[in-house]
Amino acid sequence: MADPTTQTRTLDHGSQPERFARGWHCLGLASQFKDGKPHAVEAFGGKLVVWENSKGELGVLDGYCRHMGGDLTQGTVKGDEIGCPFHDWRWGADGRCKQIPYARRVPLRARTKAYETVIRNDSLLIWHDPEGSKADYDILPPELPDIGNREVYTDWIWNTVPIKGSHCRELIDNVVDMAHFYYVHFAFPTDFRNVFEDHMATQYMASKGRPDVAGGYGDADMFLKSEATYYGPAYMINWLEVDYKGFVTEVILINCHIPTGPDSFLLQYGITVKKPEGLDDKTANFIGKKYADMFGDGFLQDVHIWQNKVPVQNPLLCEEDGPVYQLRRWYEQFYVDVADIEPEMRARFEFEVDTTKANEYWHEEVAENLRRIEAEKAENPESSDAGVS
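The structure presented is a predicted model; accordingly, all values stated were derived computationally and were not measured. (Residues numbered from 1 in each chain as written. Predicted model: local features only at pLDDT ≥ 70, side-chain atom pairs only at ≥ 80, totals over all residues. Heavy atoms only, no water.)

### Brief notes about the domain arrangement of the protein
As a reminder, the rule being used: Each domain's limits were defined by an automated method or a database of domain assignments. When two parts are put together, the accessible area they lose, computed with a 1.4 Å probe and summed over both, is reported as buried area. The salt bridge definition used is simple: a Lys or Arg side-chain nitrogen within 4 Å of an Asp or Glu carboxyl oxygen. Contacts described as polar in this section are N or O atom pairs within 3.5 Å, which, within protein, must combine one atom able to donate a hydrogen with one able to accept it, while residues neighboring in sequence count only if both atoms come from side chains. The secondary structure listing takes helices from DSSP runs of H or I that are at least 4 residues long and strands from runs of E that are at least 2 residues long, numbered from the N terminus. When residues are grouped by polarity, Ala, Val, Leu, Ile, Met, Phe, Trp, Tyr, Cys and Pro land in nonpolar, Asp, Glu, Lys and Arg in charged, and all others, Gly among them, in polar.
Here the protein is described as being made up of domain 1 (23-139) and domain 2 (157-366). Taken over C-alpha atoms, the centre of domain 1 sits 32 Å from the centre of domain 2. Among the residues domain 1 hides against domain 2, the three largest losses belong to Cys26, Glu131 and Ile139. Together they make up 34% of the total. Between domain 1 and domain 2 we count zero salt bridges in total. At the surface where domain 1 touches domain 2, the tally comes to five residue pairs in polar contact (both at pLDDT 80 or more). Going through the elements one at a time, strand E1 (23-29), strand E2 (39-43) and strand E10 (123-128) are the ones with two or more residues in the side of domain 1 that touches domain 2. Looking at which element gives the most residues to the side of domain 1 that touches domain 2, the answer is E1, with seven residues. Class assignment for the residues of the side of domain 1 that touches domain 2 results in eight nonpolar, seven polar and three charged.

### What about the packing of aromatic side chains?
Under the convention used in this document: Stacked, tilted and edge-to-face are the three classes applied to pairs of Phe, Tyr and Trp rings, where Trp contributes its six-membered ring and a pair requires centres within 6.5 Å; stacked means planes under 30 degrees apart, edge-to-face means over 60, and tilted covers the rest. We call a residue buried when its accessible area falls under 20% of the maximum for its residue type, exposed when it is over 50%, and partly exposed in between, using a 1.4 Å probe and counting protein chains only. Over a ring means this: the NZ of a Lys or the CZ of an Arg is within 6 Å of the ring centre and within 35 degrees of the ring normal.
This model, assessed by the stated rule, comprises 20 aromatic pairs. With a centroid separation of 4.5 Å and 5° between ring planes, the pair formed by Tyr182 and Trp362 is classed as stacked. Taken as a pair, Tyr182 in helix H2 (residues 180-183) and Trp362 in helix H6 (residues 356-379) lie far apart in primary sequence, 180 residues in all. Just as Tyr182 is buried, Trp362 falls in that class too. An aromatic cluster of three or more residues is present, and its members are Tyr182, Tyr183, Phe188 and Trp362. One Lys or Arg, Arg193, reaches over the ring of Tyr204 and ends 4.3 Å from the middle of that ring. The ring of Tyr182 has Arg210 lying over it, and the distance from NZ or CZ to the ring centre is 4.1 Å.

### Topic: the sheet that holds strand E4 (residues 58-62)
The condition that has to hold: Note on pairing: two strands pair once DSSP finds at least 2 bridges between them. Lines are fitted to the C-alpha atoms to define the axes, a helix being fitted only along its stretch in contact, and any angle between axes, read from their N-to-C directions, falls within 0 to 180 degrees.
Strand order in this open sheet of three strands is E2-E3-E4, and the pairing throughout is antiparallel. With one partner strand each, in any of the chains shown, E2 and E4 form the two edges of the open sheet. Neighbouring strand axes in the sheet, compared pairwise and without regard to direction, differ in orientation by 30° on average.

### What to know about the sheet that holds strand E16 (residues 247-261)
Strand order in the open sheet formed by eight strands is E11-E17-E16-E15-E14-E13-E12-E18, with antiparallel pairing between adjacent strands. Edge positions in the sheet fall to strand E11 (157-164) and strand E18 (349-353), since each of these pairs with one other strand and no more. Looking at each pair of strands side by side, their axes are set apart by 15° on average, direction ignored. Here five bridges tie strand E12 (residues 187-197) to E18, and the two strands are oriented antiparallel to one another.

### Thoughts on the environment of Glu379
With respect to the helices, strands and loops of the structure, Glu379 is situated in helix H6. C-alpha separation for the pair Glu379 and Val77, spaced 302 residues apart in sequence, amounts to 68 Å.

Next up, the structure:
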């Protein structure tokens, strides 16, 4: 029998799921769709059309007319309906064709795919289920108190990044990945814990910025306390307390995505800051922009990794890598029929990573990096840009 310690480990790339996740998905800030025009959104391997009706409500349909395949996103909003540019068949938000101007009657089977919608935290969410079930409003993300009150929070800063060549599970894996915060985001994660239960997966983390690198969270004066929860497969709320040189700011980060294909998705993230007492709006918005840039840089650091790695179904793990397989088991519930959800996919699971050994090594490495930087500066006093590559 072969000795397993001498065998070469192989990577199992697996295959992408044959369906898109069941659950609530965010299409973006609701305000971007409220201009009286049809909007195209790439999603679930196709295209959606989004528009505002005369009552101010947002409708979402499959983007192609069931008559002859016209692109509804190139059509016209007419009252409460979206009119196809090909033959002006007019579709309501319930998926029914309401009118065909040149016809005596509308065919009884003139129905298209419609999505149930909710405005939550200023964003438009839609329900998607390959089985065609009614939306489950009990598992919506929570409504954030005062989030729409501009006396309390700054305006949202909302960004999108299209991701090609990666399944959105790469994003989910970060929930349990303690060590990447040091190597990718340039921070010391000092506390790191996960809790999975029902449709929610939470990461609790405290971190301190590294002093030897810039970018990401790399700043020795930066302390973060973070609670980040996925509510379903695609919508995370991240509550952040940022302590920078003793000035504490409360930040809310929405991290969400919409799958566009088997190996692509649209990453979206929004930032709003609770206005500190005594600060005027201009200063508060400036702080919000700074943190949006910082966390945006962090996402781009992840994107670079995703776009240059391969998918791995059988990751080889050490103790400090966290509960990767348990997280993936939790995530699997959104890719099977409801009847096939197993109790262990939704059962409560808790895990805390002991960061002691990691931080001992990392602090030694950073101290050596700082000594090298100082030595390089001494050798070349005219250069102040020496750093760790």
